[in-house]
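Residue strings, one per chain:
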There are 2 protein chains.
Amino acid sequence: MAAWRERSWWGWGWADDALDDDACRRLAETSLRPWLPIDGSVLPVPYDPVLAPPRLIPPSIMQEAFAADAVTRAAHTYGKAFRDVVRALHGRLYNPPDLVCYPRTGHDVVAALDWAEAVGAAVVPYGGGTSVVGGVEYRGDNPWVSLDLSRLNRVIEVDVVNRAVRVQGGVFGPALEQALAPHGLTLRHYPQSFEFSTVGGWLATRSAGHYATGPTRIDDFVEAMRVITPQGPVESLRVPGSGAGPSTDRLFLGSEGTLGVIVEAWLRVTDRPARKASASVAFAVYDQAVAAVRTILQAGLRPSNCRLLDPVEAMLNAGSTDGRARLLLGFEGATTALLADALTICADHGGVATSGGPPSAAPGGDGRSAAPAGDEGAAASGAAASGGAGEVASWRSSFLRAPYTRDALIRLGLVVETVETACPWSRFEALHAAVTAAAQAAAPARVAVVTCRLTHAYPDGPAPYFTIITPARRGAEVVIWDEIKTAVSEAVIANGGTITHHHAVGRDHLPWLARQRDPLVTEVLRAAKRTVDPRGILNPGALL
Amino acid sequence: MAAWRERSWWGWGWADDALDDDACRRLAETSLRPWLPIDGSVLPVPYDPVLAPPRLIPPSIMQEAFAADAVTRAAHTYGKAFRDVVRALHGRLYNPPDLVCYPRTGHDVVAALDWAEAVGAAVVPYGGGTSVVGGVEYRGDNPWVSLDLSRLNRVIEVDVVNRAVRVQGGVFGPALEQALAPHGLTLRHYPQSFEFSTVGGWLATRSAGHYATGPTRIDDFVEAMRVITPQGPVESLRVPGSGAGPSTDRLFLGSEGTLGVIVEAWLRVTDRPARKASASVAFAVYDQAVAAVRTILQAGLRPSNCRLLDPVEAMLNAGSTDGRARLLLGFEGATTALLADALTICADHGGVATSGGPPSAAPGGDGRSAAPAGDEGAAASGAAASGGAGEVASWRSSFLRAPYTRDALIRLGLVVETVETACPWSRFEALHAAVTAAAQAAAPARVAVVTCRLTHAYPDGPAPYFTIITPARRGAEVVIWDEIKTAVSEAVIANGGTITHHHAVGRDHLPWLARQRDPLVTEVLRAAKRTVDPRGILNPGALL
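Residues numbered from 1 in each chain as written. Chains lettered and ligands numbered in written order. Predicted model: local features only at pLDDT ≥ 70, side-chain atom pairs only at ≥ 80, totals over all residues. Heavy atoms only, no water.

K.L.:
Please clarify how the overall build of chain A should be interpreted in this entry.
P.N.:
What chain A contains, in helices and strands, is 17 helices and 19 strands. For 544 residues, the compact-globule estimate of 2.2 N^0.38 gives 24 Å, and chain A sits close to it at 23 Å. Within chain A, the fraction of its 544 residues that count as buried is 65%. At a minimum sequence separation of 6, the contacts of chain A that also span at least 24 residues come to 73%. Counting only carbon and sulfur atoms, one obtains 54% of the accessible surface of chain A, whose full area is about 18,200 Å². Positive and negative side-chain charges in chain A, numbering 50 and 55 respectively, have mean positions lying 1 Å apart. (Helix = DSSP H or I, 4+ residues; strand = E, 2+ residues; numbered from the N terminus. Rg over C-alpha atoms; globule rule 2.2 N^0.38 Å. Buried < 20%, exposed > 50% of the residue type's maximum accessible area, 1.4 Å probe, protein only. Contact = heavy atoms within 4.5 Å. Areas by Shrake-Rupley, 256 points an atom, 1.4 Å probe, with all protein chains shown as cover. Lys, Arg positive; Asp, Glu negative; His and termini not counted. Charge placed at Lys NZ, Arg CZ, Asp CG, Glu CD.)

K.L.:
Looking at this structure, how should I read the pairing of strand β5 (residues 155-159) of chain B?
P.N.:
When a strand is regular, its side chains alternate between the sheet's two faces. Residue and element names in this part refer to chain B. Pairing between β5 and strand β6 (residues 164-168): four bridges, direction antiparallel. Note that in β6 the partner of V158 across the bridge is V165. Counting the residues between successive antiparallel strands, the hairpin from β5 to β6 contains four residues, one of them, R163, with a positive phi of roughly 50°. (Pairing = 2+ DSSP bridges.)

K.L.:
What am I meant to see in the relation of the copies chain A and chain B here?
P.N.:
Turning one copy of the chain about an axis and sliding it along that axis gives the other copy, so a rotation and a shift relate them. Least-squares fitting of chain A to chain B yields an RMSD of 0.0 Å, with the superposition described by an axial translation of 0.0 Å and a rotation of 180°. Both copies are brought into coincidence by an operation consistent with a two-fold rotation axis. No C-alpha of chain A lies nearer the rotation axis than that of A527 of chain A, which sits 2.8 Å from it. An overlap of 100% is found between the interface residues of chain A and their copies at the interface of chain B, pointing to a shared contact surface. (Least-squares fit on C-alpha atoms with pLDDT ≥ 70 in both.)

K.L.:
So what exactly am I meant to see when it comes to the sheet that holds strand β8 (residues 222-229) of chain B here?
P.N.:
Within a sheet, neighbouring strands are paired by backbone hydrogen bonds and run either parallel or antiparallel to one another. Residue and element names in this part refer to chain B. Pairing is antiparallel across the open sheet formed by five strands, whose spatial order is β5-β6-β10-β8-β9. Looking at the sheet topology across the chains shown, the edges are occupied by β5 and β9 (232-235). In this sheet, adjacent strand axes meet at a mean angle of 10° when their direction is disregarded. Here β8 runs beside β9; their pairing, made up of four bridges, is antiparallel. Directly across from R226, in β9, lies its bridge partner E235. (Axes fitted to C-alpha atoms, helices over the stretch in contact; angles between N-to-C directions.)

K.L.:
Honestly, unusual backbone geometry in this entry has me stumped. Any pointers?
P.N.:
Peptide bonds are mostly trans, and most non-glycine residues show a negative phi. One non-glycine residue, N539 of chain A, lies in positive phi territory at about 40°. Structurally, the position occupied by N539 of chain A is in the segment after α17 (519-532). A relative accessible area of 2% places N539 of chain A in the buried class. A positive phi angle, close to 65°, is found at L543 of chain B, a residue other than glycine.

K.L.:
Please explain the interface of chain A and chain B as it appears in this structure.
P.N.:
Where interface size is given, it is often the accessible area lost as the parts come together that is meant. Between chain A and chain B, the contact holds 71 residues from the first and 71 residues from the second. Carbon and sulfur atoms make up 61% of the surface buried where chain A meets chain B, a total of about 5,300 Å² over both sides. Counting the surface chain A buries against chain B, the share from its top three residues, P240, P246 and D460 of chain A, is 13%. Linking chain A to chain B there are two salt bridges. Two residues, R268 of chain B and D460 of chain A, come together in a salt bridge whose shortest N-O distance is 2.6 Å. Among the secondary structure elements, those contributing two or more residues to the side of chain A that touches chain B are β8 (222-229), β9 (232-235), α7 (248-252), α8 (286-298), α14 (425-442), β19 (461-471), α16 (510-516) and α17 of chain A. (Buried area = accessible area lost by both parts, 1.4 Å probe. Salt bridge = Lys/Arg side-chain N within 4 Å of Asp/Glu carboxyl O.)

K.L.:
I'm lost on helix α9 (residues 311-318) of chain A in this one. Help?
P.N.:
Every α-helical turn comprises 3.6 residues, leaving residues that sit three or four positions apart pointing alike. Here α9 of chain A has its buried residues at E313, A314, N317 and A318 of chain A. Seen along its axis, α9 of chain A keeps its buried residues to an arc of 100°; they face one direction. (Arc of directions from axis to C-beta.)

K.L.:
Just to check I follow, could you spell out the packing of aromatic side chains for this structure?
P.N.:
The description of an aromatic ring pair uses the distance of the two centres, along with the angle that the planes make with each other. All names here are of chain A. Counting across every chain of the model gives 12 aromatic pairs over all chains. With a centroid separation of 5.2 Å and an interplanar angle of 70°, the aromatic rings of F66 and W115 are classed as edge-to-face. Taken together, the residues span a long stretch of sequence, with F66 in strand β1 (residues 66-67) and W115 in helix α4 (residues 106-119) at a distance of 49 residues. Each member of the pair, F66 together with W115, is buried. With centroids separated by 6.5 Å and ring planes inclined at 45°, the aromatic side chains of Y286 and F428 adopt a geometry described as tilted. A residue pair is termed long-range when its members are at least 10 positions apart, and Y286 in helix α8 and F428 in helix α14 qualify at 142 residues. By the burial criterion, Y286 is buried, and F428 matches it. (Phe/Tyr/Trp six-rings, centres within 6.5 Å; stacked < 30°, edge-to-face > 60°.)

K.L.:
Explain the sheet that holds strand β6 (residues 164-168) of chain A here, please?
P.N.:
All names here are of chain A. One open sheet holds the five strands; their spatial order is β5-β6-β10-β8-β9, and the pairing between them is antiparallel. Looking at which strands have only one partner, the edges of the open sheet turn out to be β5 (155-159) and β9. When strand polarity is set aside, the average angle formed by the axes of neighbouring strands in this sheet is 10°. By the bridge criterion, six bridges tie β8 to strand β10 (residues 261-268) in an arrangement that is antiparallel. Looking across to β10, one finds that V222 is bridged to L267. Running at roughly 40° to β8, α4 makes contact with β8 and β10 of the sheet.

K.L.:
Before we go on, may I ask you to explain empty space enclosed by the protein in this structure?
P.N.:
In this approach, a probe sized like a water molecule rolls over the atoms, and the result shows the empty space that is left. With the rule as written, the count across this model stands at seven cavities of 30 Å³ or more. As a volume, the largest cavity reaches approximately 130 Å³. Contributing to the lining of the largest cavity are 14 residues, with R250 and L251 of chain A together with S247, R250 and L251 of chain B lying nearest its centre. Mapped onto the lining of the largest cavity, the elements with two or more residues apiece are α7 and α17 of chain A together with α7 (248-252) and α17 (519-532) of chain B. Grouping the constituent residues of the lining of the largest cavity by class yields eight nonpolar, four polar and two charged. (1 Å grid on protein atoms, 1.4 Å probe; cavity = no way out; pocket = protein on both sides within 12 Å on 5 of 7 lines; lining within 4 Å. Points joined across faces, edges and corners; volume = space filled by probe spheres on them. Nonpolar A, V, L, I, M, F, W, Y, C, P; charged D, E, K, R; others polar.)

K.L.:
Honestly, the side chain of H189 of chain B in this entry has me stumped. Any pointers?
P.N.:
Counting through the fold element by element, H189 of chain B comes out in the loop between β7 (185-186) and α6 (199-205). Note on H189 of chain B: relative accessible area 0%, which makes it buried.

K.L.:
Just to check I follow, could you spell out the state of the cysteines for this structure?
P.N.:
Each disulfide consists of a covalent bond between the sulfur atoms of two cysteine residues. All names here are of chain A. Taken as a whole and assessed by the stated rule, the structure comprises zero disulfides over all chains. As a non-bridged cysteine, C452 has C423 as the owner of its nearest cysteine sulfur, 9.2 Å distant. Here C452 falls in the buried class, since its relative accessible area comes to 0%. (Disulfide = S-S within 2.5 Å.)

K.L.:
Would you explain the environment of A282 of chain B in this entry?
P.N.:
All names here are of chain B. Here A282 shows up in strand β12 (residues 275-283). Considered as a pair, A282 and A325 are 43 residues apart in the sequence and their alpha carbons are 5.6 Å apart. Not counting residues within four places of it along the chain, the set of residues in contact with A282 comprises R324, A325, R326, G350, G351, V352 and T354.

K.L.:
I'm lost on a nonpolar patch on the surface in this one. Help?
P.N.:
Taken together, W35, M315 and L316 of chain B make up a surface patch of nonpolar side chains, about 270 Å² in accessible area. Note that M315 of chain B resides in helix α9 (residues 311-318). (Patch = residues over 30% accessible without salt bridge, like charges linked within 9 Å, V, L, I, M, F, W, Y side chains within 5 Å.)

K.L.:
For this particular structure, what's the right way to read the confidence of the model for chain A?
P.N.:
Detailed reading of predicted coordinates is not advised where the pLDDT is low. Chain-level pLDDT for chain A is 88 on average; 90% of the residues reach the 70-or-more range. For this predicted complex, the interface score ipTM comes out at 0.89, while the overall pTM is 0.91. (pLDDT = per-residue confidence, 0-100.)

K.L.:
Help me understand the pattern of salt bridges in this model?
P.N.:
Pairing of side chains with opposite charge becomes possible as their charged atoms draw close. Counted under the stated rule, the structure contains 56 salt bridges over all chains. Close ionic contact of D322 of chain A with R324 of chain A constitutes a salt bridge, the shortest N to O distance being 3.0 Å. Among the ionic pairs, R411 of chain B bridges to D21 of chain B, the shortest N-O distance being 2.4 Å. Residue R411 of chain B is found in helix α13 (residues 402-411), and its partner D21 of chain B is found in helix α1 (residues 21-32); the two are separated by 390 residues along the sequence. The buried category is assigned to R411 of chain B, whose relative accessible area is 2%. When salt bridges with common partners are traced through the structure, they connect D84, R87, E137, R139 and D508 of chain A into a single cluster.

This is how it looks when you write it as structure tokens:
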């Protein structure tokens, strides 16, 4: 871990990985001008923020766990969505946390919650801060504390016999994989935020990794959890399976910091895959590519990578300029030989393999610690490990840099954001059309680039992931995006999609979740919250 | 469906499949005398029961939905555990339901709950009545109604495109498979009770099917559910995946009729497997067999059948008299070729294949409608489809008859019951020893046959399933069993096992669950119950 590197307080990832002004201008000239009406000016990176003084004084008994400096508070004001980065760039830090608390132990968490209850402060648990749904941003009137769990960072025990790891909630992805690598083990969970997000954050938001099928959602890796609520700790039993009533873990998975602070978990890990095989397949007819993915899944094949890019995504991200869609396929471990079956299905649907070699040994032991951002990047990393060629490699490098490029596009005056969902196969075509139409109708001058890829696929439906890019009026970016987001979200739920497949609910998705979640279930969750958090201090305004 | 056949009110399954008195005597002479000190007398099957008159009068508006005759009430008094059958045989029907209600629609369910709230009656939802944990037996003082959902028996829609089926809660296993078979589809969920249990019962109790690995618990097949609570219906969104907060379905999965009545569900189905392959492997050293199973799972292999029988189980159930343990292995569909890998791992651990042929086409389309009782039976059915031979076939026929044989053993004066759990691999050896010792120490004259098989296996641990047989004093069977059960349950939880892997909690497991479930979680579940069932009419005494 490069501990001396500084995280960006306004944008994605490492400060020194951001594109500088010149790089932004080059990007504009070489890649964007042909496409989009931009003026080429670059919104400057803001100086250190100036904030109103905190309304809270840290408790004397644990003063050293608190920070109150402006940069730290600014960095904990928002997550990392488009609307977060653009607001930070404009210096619009409306409601920064009064304090940031860094507990080092479970006792610290208990003490912090007790103190917050006593002084009437809201507490927003914060893992890596990569929320793109307003999950770590408090919008209420009370003084508030961002509870940054990054110092609960111990990998407590690697249990090789039972293929499990006991880990604290604040451990980041690379640190976990580094601890597992010497044992030949891996969690195999690579959300897009892998490098900058934590185990506790994954659990609180039910994150999905980049593997397209099979166990990919963090839920399926959980053996047991330890959660600290304002009413005390909750622990679940560590067993490989249990049918003893409604699952305790499932109650806290996806609770997004509203029911408790996830301080520890036992997670299932696995041997590093010995072999991988991958291919890239071109489809002239997009609907046939969708049908191929459906058939692969329903045939019982479970490729670890199964990512369908529409022609624009393929061009932008995999360097394919033939106007055809691309399916990136990968198999791992004992199922390597199944790639041939999947390719046969693709051929039945008009797909032509454009790259893909024989199964090869997988790269071992790097812990992926150096791999920036993961959802797409790590997927492509797997693919690129095979004999396959240019397209998967290009896809990889494109996505390694994607979040930084996103920040540059924002500085160049573009609205650029993603929307994701999942729906039954039978509804995908209509949903795809409706989302595209809604985004374009809501965009300024009714012009937007809307691309789609399938990031996950199940036998009963795909998880489509849309990228929306449109020029913005400077200063009006948030309003423009919010209008698009509203229109698109309406299109999603009108066409049977979930308001979120893996980005969580936070505050931004709440209006639609409130319409998709049965009101009686909302009442049940509120009753649960009253039981564990009677004063309602935990992440108020999120999820419920 | 042989609709004219009569279900046994006192014992398992069909009345005419029970062993008659002569068959019981033959069983005693040929199979039991050499083993166990029994006198050969046969407890008679009771005449039709005589019960106190009901304390409730059905509501006039839906009178035809209610039954009050003695046989129907008797049949709904208990589930089908050992202690249920032996009490029924002795005519000890202490607290029969006052009425049995058979709703035909969701509206009927709503009306029944409203009426029960108004008259102060408890309501115990009843699917197929195969609970072995006191899940359908009310032990309180109020008048009560058994809500038999077997007439909510429609398969509403088979959605081939999305590989899903919409089904009412009262549909039995064979009827569901019959509806799927013409489409070449199957749910592939075969709990031991398959023939006599319902979709709603599976969901309410988080049942586990017979497949040893991979998706086997009903939880993983659920797309969406419709549940009627006393406060109104709850519906979840039908999508292939969602990260939108804590899962609604997971709240009701395992709720055991305490939070609502599961009236409908969308379940994921799959193509019938085209190919199967199986083998039987003998191990002289039991610990090595356990290690082989662990290694198979941790190598990423996911056999559909992976059942380890200890030498006594192998003798009783697979006709193997060489004193060696047996591992029954099966692979299905695209993974057929993996059997060779699994057999290599077995050989590494001293295992010798005693049967097992090349992959063969799987039998198709029978809907398994004629297959009696499933957990073991259906598993063996898959295995027997291969080129493999005597042991798997013997195992199959033995388990097809097992629950009926169990009833005969009870009539012959034996205590015969099973206990199941799941624990980490590293704790299995100690748990196995402790359960065996506890059962024997608690048995009369300290003599019991205690056998163990692994019914399910995960990378992080096995699910051991113990059968305990010991002679009983006539009339004291329940007391004797309850003492053994208490001792064994203490051994299970002291050694890190869950109090139930797939038999659910009901009333019999509640004392131990109360020690394994975090008290704060119990409070949360109680708050949930107060929200949906403020008068507490639903299955009082179970789970909470």
